[in-house]
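Here is how the chains run, residue by residue.
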Amino acid sequence: MNASRFFPLGLALLLILSIANLVFGAVSLSLEQVWQGLSVGSEQHFTVYEYRLPRIFLAILVGAGLALSGALVQGVIRNPLASPDVLGVSHGAGLAAVFYMTYFAGASTDWLPEVALAGGLVAALILWWLCGAQSSAIKLAITGVALAAFWASCIDFLMLTKPLEINNALLWLTGSLWGRGWTQLQALLPWFLLVPVALGLSKYLNLLDLGDDSATSLGVSPQVLRLVSLAIAVALTAACVSICGPIGFLGLVAPHLTRKLVGGRHQALLPATMLTGACLLLAADLAARTIDPPIELPAGILTAIIGAPYFLWLLLRMK
Amino acid sequence: MSLSAHQLSVGYHGQAIVKDMDLTLPDGRFIALLGPNGCGKSTLLKCFARILPAMSGEARWQGQNLHAYPSKQLSKELALLPQTQPIPEGIKVQDLVAYGRSPYTGFWGKLSQQDHQIVEQMMQQTGTYELKDKLVSELSGGQRQRVWLAMVLAQDTPYLLLDEPTTYMDINHQVELMHQLQRLNKQGKTIITVLHDINQAARYCDHLVVMKEGELKHQGSPDEVLTSAMLKEVFSLNAQIHRDPVAGTPMCVVED
């Protein structure tokens, strides 16, 4: 498939999934009810406008953001198995959030996104401090994986030593769009000003695929490009994770799948991978809400159920 | 235009491998950098390609400090074919060759009519035009090397640096590449390549630079440089010099 067919198909799928997300749920509505629900005063206004609609926008943004971060990290580390998770950003955000929930149990959860965001950024800074500006891609990835494992074990330690407070933490850690609305959407939106910056790096990210030496010879500074790309990926991931919790495997699967479909040129890959990520998370959230209503599964569990076997399949195929 | 070193030291982790070197490479020639392992020939090339900084002294391009020269301008004047190349995922041959045009394109990397022409021409020249819609990851080693050469040629620079381009190639591909480089040199390109095979260098190149332990030992035409005394001095080798029966160039035959 080439890019000129991918984008119309992807956008059509995004539209269909969005409508499905408005129609289906604990209570299924007709298209007409959905339409009426968009205006104030209707019976379905709360379900449609306050509950389902913002959640759709959030799923699109978070899916696109995590997928774009994944594509940036894969481009910079030059490994299709890399993702923002390997930098320890998601786990760093998770640790900060769990720490906040267990030690400040009475505090308002309104601050959770800010705390998680700070945790993700600090985790990235620690990685940077350990590796330094001149570090190679592989050193960055291995250090990142080690740090991520360390943050994960800290999370386990906190949850095991504070068993009373873990319920909220567990819910958040599986990654869910449950209960998120317009407020969270507003908090997330400014971070997406980074998207055009990332797209503007496309041409240079292509050259990084040729190796540092060739990129240098073509007039690009690999170190500067790596720093800028990773900073964007870290900020976007931390922002998304701070709202929805870590949504597993999306940052790995979406860019990888998209690279298979539209190829590795970043001018096509970056926007296409955002579309894939948005569709995947919309589909996961739709399934999460409709498999066993009125009980909701966290969308993060569904992405992991699909993502983990995909990851294994990838590993087994690699020679 | 020329490439030169002035009291240049280059190395890794504070350890100089090229030491206080003074060297001017002549324009328009097909130049081989020779010497035993660890003599600093690849290190010197990497400094000229700006992958390594100068520890002291200066590498110069057209009389100016190479490392302070504007990168974008330099990428239109000096191209590098590295020794090993990564295999990018999901990239077609024609895309990879087109990446060589990056110094000339705008920020989105869109190719002009002229860019398309050059990309096509370089694929024709390297015999990779038939592969243009294939993925680079599906090619054989020899095909991939030719695609990379096409990419570097698309950069359209008067100078071309190559780091041991023949090392991992079958002999037929080595000969093919050396002929190709010779043709490019005749068209006016200055070619500077690190080589291992002294006889190969003497046969195809017209200017040899011999280094040992980070220092310049000899430079000049194959006839001037390739002597028994040089082989003894630089490689600690007892060898006789004979004429290549086909090309008439000097070649060394090792004594027992």
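The model shown is predicted, which means the values in this text are computed figures rather than measured ones. Chains are numbered independently. Their residues run from 1 in the order of the written sequence. Labels follow written order: the first chain is A, the first ligand is 1, and so on. Only residues with pLDDT of at least 70 get local features here, since the model is predicted, and only at 80 or more are side-chain atom pairs given and counted; chain-wide, interface and lining totals rely on the full set of residues. Hydrogens are left out, water is left out, and the side-chain values use all remaining heavy atoms of the structure.

Once that is clear, we can look at the overall build of chain A. Looking only at helices and strands, one finds 15 helices and zero strands in chain A. In terms of overall dimensions, chain A is globule-like: its C-alpha atoms have a radius of gyration of 20 Å, near the 20 Å expected for 319 residues. Its C-alpha atoms give chain A principal-axis dimensions of about 65 × 50 × 35 Å. Relative accessible area decides the class of each residue, using a 1.4 Å probe on protein chains only: under 20% of the type maximum gives buried, over 50% gives exposed, and in between gives partly exposed. Here chain A, with 319 residues, has 55% of them falling under the buried criterion. Only DSSP runs of H or I with at least four residues qualify as helices, and only runs of E with at least two residues qualify as strands; both kinds are numbered from the N terminus onward. A radius of gyration in this sense is built from C-alpha atoms; the matching globule rule multiplies 2.2 Å by the number of residues raised to 0.38.

Residues and elements named next belong to chain B. With antiparallel pairing, the four strands of this open sheet are ordered in space as β2-β1-β4-β5. Taken across any chain shown, the strands that pair with only one partner, and hence form the sheet edges, are β2 (15–25) and β5 (64–65). Think of it this way: DSSP has to see at least two bridges between two strands before they count as a pair. Where strand β4 (residues 56–61) meets β5, two bridges bridge the pair, whose relative direction is antiparallel. In the sheet register, Arg60 faces β5, and the bridge partner there is Asn65.

This part takes up the environment of Ser242 of chain A. Residues and elements named next belong to chain A. Positionally, Ser242 belongs in helix α12 (residues 222–244). Sequence spacing of Ser242 and Gly175 is 67 residues, and the spatial spacing of their C-alpha atoms is 9.8 Å. For this analysis, residues touch if any pair of their heavy atoms sits within 4.5 Å. Those residues in contact with Ser242 that sit more than four places away from it in its chain are Pro113, Ala116, Leu117 and Trp172.

The next point concerns the interface of chain A and chain B. Between chain A and chain B, the contact holds 21 residues from the first and 29 residues from the second. Each partner contributes to the roughly 2,000 Å² buried at the junction of chain A and chain B, and carbon and sulfur atoms together form 62% of this total. The term salt bridge refers to a side-chain nitrogen of Lys or Arg lying within 4 Å of a carboxyl oxygen of Asp or Glu. Applying the counting rule to chain A against chain B returns zero salt bridges. Those elements that provide at least two residues to the side of chain A that touches chain B are α9 (194–200), α10 (202–208) and α11 (212–217) of chain A. Just so you know the grouping, Ala, Val, Leu, Ile, Met, Phe, Trp, Tyr, Cys and Pro go in nonpolar, Asp, Glu, Lys and Arg go in charged, and all remaining residues, Gly too, go in polar. A per-class count over the side of chain A that touches chain B returns five nonpolar, 11 polar and five charged. The term buried area denotes the loss of accessible surface (1.4 Å probe radius) that occurs when two parts are joined, taken as the sum for both partners.

A few words on the domain arrangement of chain B. Residues and elements named next belong to chain B. Those domain boundaries reflect an automatic or database domain assignment. In terms of domain boundaries, chain B breaks down into domain 1 (1–77 + 159–221) and domain 2 (81–156). The interface is formed by 19 residues belonging to domain 1 together with 17 residues belonging to domain 2. For the domain 1 and domain 2 pair, buried surface summed over both sides reaches about 1,500 Å², with 54% attributable to carbon and sulfur atoms. It is Ser75, Lys76 and Gln180 that lose the most area in domain 1 upon contact with domain 2, and together they represent 29% of the buried surface on that side. At the junction of domain 1 and domain 2, the tally comes to one salt bridge. Arg146 serves as the salt-bridge partner of Glu176, at 3.8 Å between the closest nitrogen and oxygen. We call two N or O atoms a polar contact when they sit within 3.5 Å, provided that within protein one can donate a hydrogen and the other can accept it, with sequence-adjacent residues counted only if both atoms are side-chain atoms. Linking domain 1 with domain 2 are six residue pairs in polar contact (both at pLDDT 80 or more), by the criterion used here. When residues of the side of domain 1 that touches domain 2 are traced back to their parent elements, those giving at least two are β7 (159–163) and α6 (171–186). Looking at the side of domain 1 that touches domain 2 element by element, the count peaks at five residues for α6.

Right, let's get into the sheet that holds β7 of chain B. All names here are of chain B. Strand order in the open sheet formed by six strands is β6-β7-β8-β3-β9-β10, with mixed pairing between adjacent strands. Edge positions in the sheet fall to β6 (78–81) and β10 (215–220), since each of these pairs with one other strand and no more. Pairs of neighbouring strands in the sheet enclose a mean axial angle of 15 degrees, with direction left out of account. Alignment of strand β9 (residues 207–212) against β10, held across five bridges, turns out to be antiparallel. Its bridge partner being in β10, Lys212 is matched across the sheet by Glu215. Fitted lines through C-alpha atoms give the axes, limited to the stretch in contact for helices. The angle between two N-to-C directions lies from 0 to 180 degrees. Here helix α1 (residues 41–48) sits on the sheet and contacts β3 (30–34), β6, β7, β8 (190–194) and β9; the angle it forms with β7, its principal contact strand, is near 140 degrees.

Patch membership is restricted to residues that have no salt bridge and whose relative accessible area is over 30%. Joining uses 9 Å for like charges and 5 Å for the nonpolar side chains Val, Leu, Ile, Met, Phe, Trp and Tyr. Surface exposure here means Shrake-Rupley accessible area, sampled with a 1.4 Å probe, where a residue is shielded only by the protein chains that are shown. Residues Leu15, Ile19 and Leu31 of chain A make up a contiguous nonpolar surface patch of roughly 300 Å² in combined accessible area. Mapped onto the secondary structure, Leu15 of chain A falls in helix α1 (residues 3–23).

With respect to the helices and strands, the residue Arg259 of chain A is situated in helix α13 (residues 250–262). As used throughout, the charge tally considers Lys and Arg to be positive and Asp and Glu to be negative, leaving His and the chain termini uncounted. For the buried Arg259 of chain A, no salt bridge exists, and the shortest N-O distance to an oppositely charged side chain is 5.9 Å, to Glu89 of chain B. In contact with Arg259 of chain A, not counting residues within four places along its chain, are Gln74, Gly264 and Leu269 of chain A together with Glu89 of chain B.

Before going further, it helps to examine the side chain of Lys203 of chain A. Structurally, Lys203 of chain A is set in helix α10. Look at Lys203 of chain A: it is buried, it has no salt bridge, and the nearest opposite charge is Asp115 of chain B at 9.0 Å. At 2.9 Å, the side chain of Lys203 of chain A forms a polar contact with the backbone oxygen of Ser102 of chain B.

In this section: helix α15 (residues 299–317) of chain A. Every helix has an expected span of 1.5 Å times one less than the residues it contains. With 19 residues, α15 of chain A should reach 27 Å at 1.5 Å per residue; the first-to-last C-alpha distance of 27 Å fits that figure. Buried-residue contacts for α15 of chain A involve α13 and α14 (266–290) of chain A.

Residue and element names in this part refer to chain B. In terms of residue burial, β8 counts as a mostly covered element, since five of its five residues are buried. What you see with β8 is no split at all: Thr190, Ile192 and Val194 on one side and Ile191 and Thr193 on the other are buried throughout. Where β3 meets β8, four bridges bridge the pair, whose relative direction is parallel. From the neighbouring strand, Leu33 faces β8, where its bridge partner is Val194. Crossover β7 to β8 through α6 is right-handed. When the strands point away from the viewer and the path from the first strand over the helix to the second turns clockwise, the crossover is right-handed.

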